[in-house]
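Chain and residue survey
Below are the chains, spelled out letter by letter.
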Amino acid sequence: MSEAMFTATIKGDQVQLPKAELNALLKEQLDADRKQMREDMQKEFDALKEKTMAGHSPLAPATEKQDAIQNGAACVLRELRDNHKHGKPITNKAITIGDDPSAGYLVPPAAQNQLLQISVEQEILYPRATIVTLGQNEGAYFPYINPSKELDGTFDFAYIGEGATFPTALDVDVEKCVLRPHKLVGVAKVSDEWFADVPGGQPLVMSLFGNRHARVRDKKMLFTGTGVGEPLAVALSPAALSVSRNTGGAVKAADFEAMMDKHWAIDENKTFWLINKQIKSAIIQMENSAGNRIWQQDAQGKPSGTIYGYPVVFTTLAPAKGTAKDVQLIDGSAYLIGDRQSLAVKISDAPYFLSGYMALRFESRNDGKPWLKTYITDGNSLTYSPFVYLT
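Summary of the structure given here. Here the structure is a predicted model, which is why all the values come from computation and not from measurement.

What counts and what doesn't
Residues numbered from 1 in each chain as written. Predicted model: local features only at pLDDT ≥ 70, side-chain atom pairs only at ≥ 80, totals over all residues. Heavy atoms only, no water. Helix = DSSP H or I, 4+ residues; strand = E, 2+ residues; numbered from the N terminus. Buried < 20%, exposed > 50% of the residue type's maximum accessible area, 1.4 Å probe, protein only. Salt bridge = Lys/Arg side-chain N within 4 Å of Asp/Glu carboxyl O. Pairing = 2+ DSSP bridges. Axes fitted to C-alpha atoms, helices over the stretch in contact; angles between N-to-C directions. Contact = heavy atoms within 4.5 Å. Polar contact = N/O pair within 3.5 Å; in protein donor to acceptor, adjacent residues only side chain to side chain.

Here we come to the environment of Ser 242. If you trace the backbone, Ser 242 turns up in strand 7 (residues 241-243). What makes Ser 242 partly exposed here is its relative accessible area of 40%. Placed 86 residues apart in sequence, Ser 242 and Gln 328 show a C-alpha to C-alpha distance of 9.1 Å.

Right, dumping it as structure tokens:
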């Protein structure tokens, strides 16, 4: 008895085969169709991602540096997701080189470095400060030299004749400036679906946290840090000097000039104006007593970027317009920043394994404080400082 034959159409051709052979052929064709579908979907996704990264979306990175985050951090997140899907264990690795292991997922060096660069490029004080790398001990010690005694003649020099008595030897007033690393931490919870479905989502999270880290560190080091468990702010330092504004609630050219009279620049190249962004419109047409505009010469071009030769940095971190410290003149080189651990990210799905989320923890370890213990007083009892603010 002959085997029953079955007929089917495959790729437009009609075939007639025994049931077992026809089923095998249909399965082979189905597998091929599924593979082609996956390839087509991947091509569509890649095209969408390329379009997104090329600038057709607000999520697109602006520079090649941010592309590195897409290439580095995204592969980590994909691996985490794939390991979770296939039941593979997630490996805990140390986040930094050295004898400081901790739980978390190691971010590839390219991605970690780019995250740090995004943060630093957005920061105000860090690129201008004096940076010190802290070791693995308790901290680092630097000499405080009392600037007032250095200027007013405590170091005694005198012209003497032959056989005359030498000046009296005096003690040098040197104290310790201590930098101890403090941990700055940020945490986020993001769903697996969000990372899978949002083109450019991974670099967006990295960029957002990098920028937020920069703002928090700047605010602590420039305005609010108490020095207890956190950096000591420039504005709260005993070394800072205040200048009373010419007109209450306003900023005038005379205020900038008075602040310069009080300012002592250790490094002119690291000195800058730090100004509340709301004051920008008032400065555009500001003139000095000679009738010269101090910032923007006309309405056609861009502002010069400097006031009396010093770069201008506008910020939303400063106190409100018209209040104390809304304008500062700062020499960044007179501020010490101790770096123990640069900004790094740790990723794990352990806390939210059953709910389909991943936890991201961003952290750095650093400290900061002015290098001067107090402001400078000269022999005429006039005071100066690398940090001057308007009140």
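Additional details are given in the paragraphs that follow.
Attention shifts here to the pattern of salt bridges. Tallied over the entire structure, the rule returns six salt bridges. Note that Arg 361 and Glu 363 form a salt bridge whose closest N and O atoms lie 3.0 Å from each other. Owing to a relative accessible area of 32%, Arg 361 belongs among the partly exposed residues under this scheme. Because the salt bridges share partners, they merge into one network encompassing Glu 123, Arg 217 and Asp 339.

As summarised here, the arrangement of the four strands in space is 3-12-13-6, forming an open sheet in which the pairing is mixed. Because the sheet does not close on itself, it has two edges, and the strands there are strand 3 (130-133) and strand 6 (182-191). Each strand of the sheet is rotated relative to its neighbour by a mean of 30°, with strand direction disregarded. When strand 12 (residues 335-348) meets strand 13 (residues 357-370), the two strands line up antiparallel, connected through 11 bridges. When the bridges of strand 13 are listed, Gly 338 appears paired with Asp 367. Together, strand 6, strand 12 and strand 13 form the strand contacts of helix 6 (residues 201-224), whose direction differs from that of strand 13 by roughly 30°.

With that settled, consider the side chain of Asn 276. Mapped onto the fold, Asn 276 is located in strand 8 (residues 271-276). Overall, Asn 276 belongs to the buried group, its relative accessible area being 6%. Of note is the side chain of Asn 276, whose polar atom sits 2.6 Å from the backbone oxygen of Pro 319. Not counting chain neighbours up to four residues away, the residues in contact with Asn 276 comprise Phe 314, Thr 315, Ala 318, Pro 319, Ala 320, Lys 321 and Asp 326.

The strand order across the open sheet formed by six strands is 7-16-11-8-10-9, and the pairing between neighbours is mixed. In the strand order of this sheet, the two ends are held by strand 7 and strand 9 (306-307), each with one partner. Pairing geometry for strand 7 and strand 16 (residues 387-390), over three bridges, is parallel. Looking at the pairing, Leu 241 lines up with Val 388 of strand 16.

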